Amino acid sequence: MMDTELHKLFLDQLQDVYDAEQRIVEALPKKIDAAQDDELKQGLQHHLEETKNHVSRLEQVFESIDASPKRNTCQATKGLIAEAEELLSDFKGTPAGDAAIICAAQKIEHYEIATYGSLCSWAEQMGHDKAKQLLGETLEEEKKADETLNTAALKSANKKAEASHT
C-alpha cells in the first residue's frame, strides 16, 4: 500500500501542506499586528495557535504512516502570502484594512480546506485511520476559522470599508 501512486501523491501533499502551515505560522503575526478590530485580532491570534498545533499534528500524521516529516515548497501558499502582503501594504491603516486581511486569510483557508479534504479522503481510501482522524481534526478547525473570518467580515470589516470614502 505504501508504494502506490495514491500513497506517493498523499505523501507529496502532506509535505506540501506541512510547508504551508509553517509559512502561515511565520506570516500570521503581520496580519495580527495590522488588524484594527479587536475581535479580528483575537480570532487571528487563536488561529495562529491552532496553526502551530496543525504543524505538530502533521508530524504525528507522518509518524503514523512511518514517514519522516519533510517540507515540500508550497508554491500556492507562498503566492497567497505574497498577495496578502501586497494587500496589507495597500490597505494597512485604512478602513478597508481589516476587510483586506480577511480576504487574504480566507483565500489561504480555502486552499487549506481543499488540501485537507483531499488528504482525508486519500487517508480513508488507504486505511490510514490515525492519519485520517488527525487530518480530519485539522480540516474542521480550518472550516471554523473560515466561518470566523466570514462573520468578522459581515459583522464589521466590510461595513467599515463601505462607509469610508477616498
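Use the structure listed above.
This text gives an overview of the structure that appears in the document. (Residues numbered from 1 in each chain as written. Predicted model: local features only at pLDDT ≥ 70, side-chain atom pairs only at ≥ 80, totals over all residues. Heavy atoms only, no water.)

**Observations concerning the pattern of salt bridges**
Opposite charge on two side chains permits them to pair, given that their charged atoms come into close proximity.
Point 1. Under the counting rule described, the total for this entry stands at ten salt bridges.
Point 2. Residue Glu85 pairs with Lys30 through a salt bridge whose shortest N-O separation is 3.4 Å. Taken together, the residues Glu85 in helix H3 (residues 75–91) and Lys30 in helix H1 (residues 5–34) connect sequence positions 55 residues apart.
Point 3. Glu85 gets classed as partly exposed once you look at its relative accessible area, which sits at 37%.
Point 4. Across the pair Glu49 and Lys52 runs a salt bridge whose closest N-O atoms are separated by 3.6 Å. A residue pair is termed a helical-turn pair when its members lie 3 or 4 positions apart in one helix, as Glu49 and Lys52 do in helix H2 (residues 38–64) at three residues.
Point 5. When its relative accessible area of 41% is taken as the criterion, Glu49 is described as partly exposed.
Point 6. By relative accessible area, Lys52 is classed as partly exposed at 41%.
Point 7. Salt bridges sharing common partners tie together Asp19, Arg23 and Arg71. (Salt bridge = Lys/Arg side-chain N within 4 Å of Asp/Glu carboxyl O. Helix = DSSP H or I, 4+ residues; strand = E, 2+ residues; numbered from the N terminus. Buried < 20%, exposed > 50% of the residue type's maximum accessible area, 1.4 Å probe, protein only.)

**A word on the packing of H2 against helix H4 (residues 97–126)**
Point 1. Packing of H2 against H4 brings their axes to within 13 Å, and their N-to-C directions diverge by 25 degrees. Taken together, H2 and H4 sit at an angle that is classed as roughly parallel. Here H2 and H4 pass one another in a crossing that is left-handed. On H4, the residues that touch Leu40, Leu44, His47, His54 and Leu58 of H2 are Asp98, Ile101, Ile102, Glu109, Glu112 and Tyr116.
Point 2. Residues belonging to the contact of H2 with H4 are distributed by class as follows: six nonpolar, two polar and three charged. (Axes fitted to C-alpha atoms, helices over the stretch in contact; angles between N-to-C directions. Parallel < 35°, antiparallel > 145°, perpendicular 65-115°, else oblique. Left-handed = near helix turned anticlockwise from the far one by under 90°. Contact = heavy atoms within 4.5 Å. Nonpolar A, V, L, I, M, F, W, Y, C, P; charged D, E, K, R; others polar.)

**Quick notes on the state of the cysteines**
Here is the idea: a disulfide is a covalent bond, and it sits between the sulfur atoms of two cysteines.
Point 1. Inspection of every chain in the model, using the stated rule, returns zero disulfides.
Point 2. Left unpaired, Cys74 is separated from the closest cysteine sulfur, that of Cys120, by 17 Å.
Point 3. Look at Cys74 and you get buried, because its relative accessible area is 0%.
Point 4. There is no disulfide at Cys103, and the cysteine sulfur nearest it, in Cys74, is 18 Å away. (Disulfide = S-S within 2.5 Å.)

**A short note on the layout of surface pockets**
Point 1. In this structure, the largest pocket occupies an estimated 180 Å³ of space.
Point 2. Lining the largest pocket are 16 residues, and of these Gly43, His47, Glu50, Glu109 and Ala145 sit closest to its centre.
Point 3. Elements represented by at least two residues in the lining of the largest pocket include exactly H1, H2, H4 and helix H5 (129–163).
Point 4. Considering only residue class, the lining of the largest pocket consists of seven nonpolar, four polar and five charged. (1 Å grid on protein atoms, 1.4 Å probe; cavity = no way out; pocket = protein on both sides within 12 Å on 5 of 7 lines; lining within 4 Å. Points joined across faces, edges and corners; volume = space filled by probe spheres on them.)

**Observations regarding empty space enclosed by the protein**
Point 1. Following the criterion strictly, the structure yields one cavity of 30 Å³ or more and no others.
Point 2. Lining the largest cavity are Ala27, Lys30, Lys31, Ile81, Ala84, Glu85 and Leu88.
Point 3. Elements with a contribution of two residues or more to the lining of the largest cavity: H1 and H3.
Point 4. Ranked by the residues each element gives to the lining of the largest cavity, the list is headed by H3, at four residues.
Point 5. When its residues are assigned to classes, the lining of the largest cavity shows four nonpolar, no polar and three charged.

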